[in-house]
Amino acid sequence: NDEALQLYERALAMNRSLQNSDGIGVVNVELARLWMAKGELAKAETCAEEARVENTESSNQEGVAAALRALGEIEVKRFNIDAAVNYFRESLATTQKAGDPTREAEIRVLIARALHIRGDDEMAAKELQFARKATDRADHLPALEVELSALTGELVVRRGFDLVEC
């Protein structure tokens, strides 16, 4: 992780020297993920916020969506579920404009997971239904399909079959 951190920091410095907003945004999203993995949520948030700003300035909608997703993931780790859902929904709106069903499905699963954590299983089940529809339009996504099935199973265990279409 430390070697990866050094490489990303060098890449960030290089992109800053070139005033490459796209590069700064991409590297900062990756740095945010790395800091999240290390449990350094404040540093992760700083990187994700900078990524959002840089990607917005360069009109990189995919990058904006990735930065918003990272901010949502940070808030989940902080158990600020309402804030997480808001970030995920912003990311979803941006992703839908780009017409990317793979990313849409991934984000909808994140929303469903956050809603499930909050105890809002009915809304989580609805998000999972939308995620399943998005996966039908996306490439084969075995890892995402496993996550969908696992979360569906958790909802069934907690609330019963009447809530979830299996």
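The structure under discussion appears in the preceding block.
Throughout, residues of each chain are indexed from 1 in the direction in which the sequence is written. This being a predicted model, a pLDDT of at least 70 is required before a residue's local features are given, and a value of 80 or more before pairs of side-chain atoms are given or counted; all residues contribute to the totals for chains, interfaces and linings. Side-chain numbers here rest on the full set of heavy atoms in the structure, without hydrogens or water.

Is there a simple way to explain the overall build of the protein in this structure?
Under the scheme used here, helices are H or I runs from DSSP no shorter than 4 residues and strands are E runs no shorter than 2 residues, and both carry numbers assigned from the N terminus. From N to C terminus, the protein includes eight helices and zero strands. Secondary structure elements of the protein occur, N-terminal to C-terminal, as α-α-α-α-α-α-α-α. For the protein, the C-alpha radius of gyration of 17 Å lies close to 15 Å, the compact-globule estimate for 166 residues. In terms of overall dimensions, the protein has a C-alpha envelope of 55 × 30 × 25 Å along the principal axes. What sets the accessible areas is the Shrake-Rupley method with a 1.4 Å probe; for residues, cover comes only from the shown protein chains. Element-wise, carbon and sulfur atoms account for 50% of the exposed surface of the protein, whose accessible area totals about 8,800 Å². Values of the radius of gyration come from C-alpha atoms, whereas the globule rule sets the reference at 2.2 Å times the count of residues to the power 0.38.

Quick question: what am I supposed to make of helix H2 (residues 21-37) here?
Residues spaced three or four apart along an α-helix point in a common direction, a consequence of the helix completing one turn every 3.6 residues. Here a helix's expected span is defined as the number of its residues, less one, multiplied by 1.5 Å. Between its terminal C-alpha atoms H2 stretches 24 Å, which fits the 24 Å expected from 17 residues at 1.5 Å a residue. Throughout, exposure labels follow a simple rule: accessible area from a 1.4 Å probe, protein chains only, divided by the maximum for the residue type, with under 20% read as buried, over 50% as exposed, and the rest as partly exposed. For H2, every residue scored as buried is listed here: Ser-21, Gly-23, Ile-24, Gly-25, Val-27, Asn-28, Val-29, Leu-31, Ala-32, Leu-34, Trp-35 and Met-36. One side-chain oxygen at the N-terminal end of H2 lies 3.3 Å from the backbone nitrogen of Asp-22; it belongs to Asn-20. Once H2 ends, the next one or two residues include Gly-39, with phi positive near 80 degrees. N or O atoms closer than or at 3.5 Å make up a polar contact, with two conditions inside protein: a donor-capable atom paired with an acceptor-capable one, and, for residues adjacent in sequence, both atoms drawn from side chains.

I'm lost on the packing of H2 against helix H4 (residues 61-77) in this one. Help?
Any two packed helices are characterised by how steeply their axes cross, that is the angle between the axes, and by the distance between the axes. Axis separation between H2 and H4 bottoms out at 10 Å; the angle between their running directions is 15 degrees. Relative to H4, H2 is oriented roughly parallel. Like other packed secondary-structure pairs, H2 and H4 cross with a definite hand, here left-handed. Contact residues: H2 offers Val-29, Ala-32, Arg-33 and Met-36, while H4 offers Gly-63, Ala-66, Ala-67, Arg-69, Ala-70, Glu-73, Ile-74 and Lys-77. The nonpolar class holds Ala, Val, Leu, Ile, Met, Phe, Trp, Tyr, Cys and Pro. Asp, Glu, Lys and Arg form the charged class, and all remaining residues, Gly among them, are polar. Looking at the contact of H2 with H4, its residues break down into seven nonpolar, one polar and four charged. Every axis corresponds to a line fitted to the C-alpha atoms, with the helix fit spanning only the stretch in contact, and the corresponding angles, defined between N-to-C directions, vary from 0 to 180 degrees. These descriptions rest on fixed angle ranges, namely under 35 degrees for roughly parallel, over 145 for roughly antiparallel, 65 to 115 for roughly perpendicular, and the rest for oblique. In this scheme the handedness of a crossing depends on how the near helix is turned from the far one: anticlockwise by less than a right angle means left-handed, clockwise means right-handed. What makes two residues a contact is simply this: any of their non-hydrogen atoms within 4.5 Å.

How should I be thinking about the nonpolar core in this particular structure?
Note that soluble globular proteins tend to have their nonpolar side chains buried in a common cluster. By nonpolar core is meant a set of buried Ala, Val, Leu, Ile, Met, Phe, Trp, Tyr and Cys residues that side-chain atoms within 4.5 Å join together. In terms of nonpolar packing, the biggest core is built from 21 residues, with Phe-88, Ile-111 and Leu-128 touching the most fellow members. Of all elements in the fold, only helix H5 (81-98), helix H6 (101-118), helix H7 (121-137) and helix H8 (142-159) reach the threshold of two or more residues within this core. The dominant element in this core, judged by the number of residues it contributes, is H6, at seven residues. In this view, Ile-111 contacts Phe-88, Arg-89, Leu-92 and Glu-127; residues no more than four positions away in its chain are not counted. If you look at the next biggest cluster of nonpolar residues, it comprises 19 residues, including Val-27, Ala-32, Trp-35 and Ala-70.

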